[in-house]
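These are the residues of each chain, in order.
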Amino acid sequence: VQLQASGGGLVQPGGSLRLSCAASGTIFSINAMRWYRQAPGKQRELVAAILSDGSTGYADSTEGRFTISRDNAKNTAYLQMNSLKPEDTAIYYCNANILVNRYYGYNYWGQGTLVTVSS
C-alpha cells in the first residue's frame with residue numbers, strides 16, 4: 001500500500017491550495033484519513049482527520065479555514081486550504097489507517113508535500 005500526497009506549492013497569504021492523498025495497492029477498506037504538517041524546527045502536528053463515515057475534526061489553528069474530505073471510490077482524501085497564512089508553511093503529510101484484508105490493518109504515511117505561504 002502506498003499513499004501519494006500532491007498539490008503543494010507556493011501561494012500568497014490569503015490564497016488557497018488543495019492537497020490530495022491517494023491510496024493505492026491492496027486495500028480492503030480505509031478507516032481514518034488524516035493530514036499532519038511539520039514546520040521547520042517544530043514537531044509534527046495533526047491538522048485534520050476524517051473517518052470512514054465522513055465525521056471530521058480539525059486543529060484549532062485550521063478550523064474554519066481548512067476542509068478535509070474524501071472520495072471513498074477513489075481511495076483519496078483532500079485538504080482544501082483557504083485564507084492561508086505564513087504560519088501554515090510546512091511539509092504536509094497524509095496518514096491513513098488501512099485494512100489490507102478483513103483481519104489486518106496498518107497505519108501508513110505519505111511522502112509529504114511542501115506548502116509555502118509567502119508574498
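See above for the structure.
Nothing here was measured: the structure is a model prediction, and the numbers come from that model. Note on numbering: residues in each chain are counted from 1, in written sequence order. The predicted origin of the model limits local features to residues at a pLDDT of at least 70 and limits the giving and counting of side-chain atom pairs to 80 or more, whereas totals for whole chains, interfaces and linings rest on all residues. Computation of side-chain values covers all heavy atoms of the structure but excludes hydrogens and water.

Points about the state of the cysteines
- Counting rule for disulfides: a pair of cysteine sulfur atoms within 2.5 Å. This model, assessed by the stated rule, comprises one disulfide.
- In this model Cys-21 forms its disulfide with Cys-94; the gap between the sulfur atoms is 2.4 Å. Since a negative S-S torsion denotes a left-handed disulfide, the Cys-21-Cys-94 link at about 70 degrees is right-handed. Taken as a pair, Cys-21 in strand β3 (residues 17-24) and Cys-94 in strand β9 (residues 90-99) lie far apart in primary sequence, 73 residues in all.
- Judged by its relative accessible area of 0%, Cys-94 is buried. The helix and strand labels rest on DSSP assignments: H or I over at least four residues marks a helix, E over at least two residues marks a strand, and numbering proceeds from the N terminus. Relative accessibility decides the category of a residue: with a 1.4 Å probe and only protein chains considered, values under 20% of the type maximum give buried, values over 50% give exposed, and everything between is partly exposed.

Things to note about a nonpolar patch on the surface
- Two distance rules govern patches: like charges are joined within 9 Å, and nonpolar side chains (Val, Leu, Ile, Met, Phe, Trp, Tyr) within 5 Å, applied only to residues with over 30% relative accessible area and no salt bridge. Using a 1.4 Å probe, the Shrake-Rupley method yields the accessible areas, and only the shown protein chains count as cover for residues. Counted as salt bridges are all cases of a side-chain nitrogen of Lys or Arg within 4 Å of a carboxyl oxygen of Asp or Glu. A contiguous nonpolar patch, built from Tyr-103, Tyr-104 and Tyr-106 and spanning about 430 Å² of accessible area, is present on the exposed surface.
- Position of Tyr-106 among the secondary structure elements: in strand β10 (residues 105-109).

Topic: the environment of Ser-83
- By the secondary structure assignment, Ser-83 is in the loop between β8 (76-81) and β9.
- Looking at Ser-83, the relative accessible area reads 42%, which means it is partly exposed.
- In the structure, Ser-83 is positioned 59 residues away from Ser-24 in sequence and 31 Å away in space, judged by C-alpha atoms.
- Residues count as neighbours in contact if any of their non-hydrogen atoms are within 4.5 Å of one another. In contact with Ser-83, not counting residues within four places along its chain, are Gly-14, Gly-15, Ser-16, Arg-65 and Asp-88.

Some thoughts on the pairing of β9
- When you tally the buried positions in β9, you get seven out of ten residues, the bulk of the element.
- Should DSSP find at least two bridges between two strands, the strands are taken to pair. Sheet topology note: the strand β4 (residues 29-38)/β9 ladder contains eight bridges and is antiparallel. Bridging across to β9, Trp-35 finds its partner in Cys-94.
- With three bridges connecting them, β9 and strand β11 (residues 113-117) associate as antiparallel partners. Bridge pairing in β11 links Ala-90 to Val-115.
- Inspection of the sheet shows β9 paired to β10 by five bridges, in the antiparallel sense. Residue pairing across strands places Ala-96 opposite Tyr-108, the latter belonging to β10.
- Between the end of β9 and the start of β10, which pair antiparallel, lie five residues.

Examining the sheet that holds β3
- Strand order in the open sheet made by the four strands is β1-β3-β8-β7, with antiparallel pairing throughout. The sheet is open, and its two borders are formed by β1 (2-6) and β7 (66-71), each paired with just one other strand. Across the sheet, the mean angle from the axis of one strand to that of its neighbour is 15 degrees, orientation sign disregarded.
- Looking at chain direction, β7 and β8 are connected through six bridges and run antiparallel. Every angle, taken between N-to-C directions, lies between 0 and 180 degrees, and every axis is a line fitted to C-alpha atoms, over only the stretch in contact when it is a helix.

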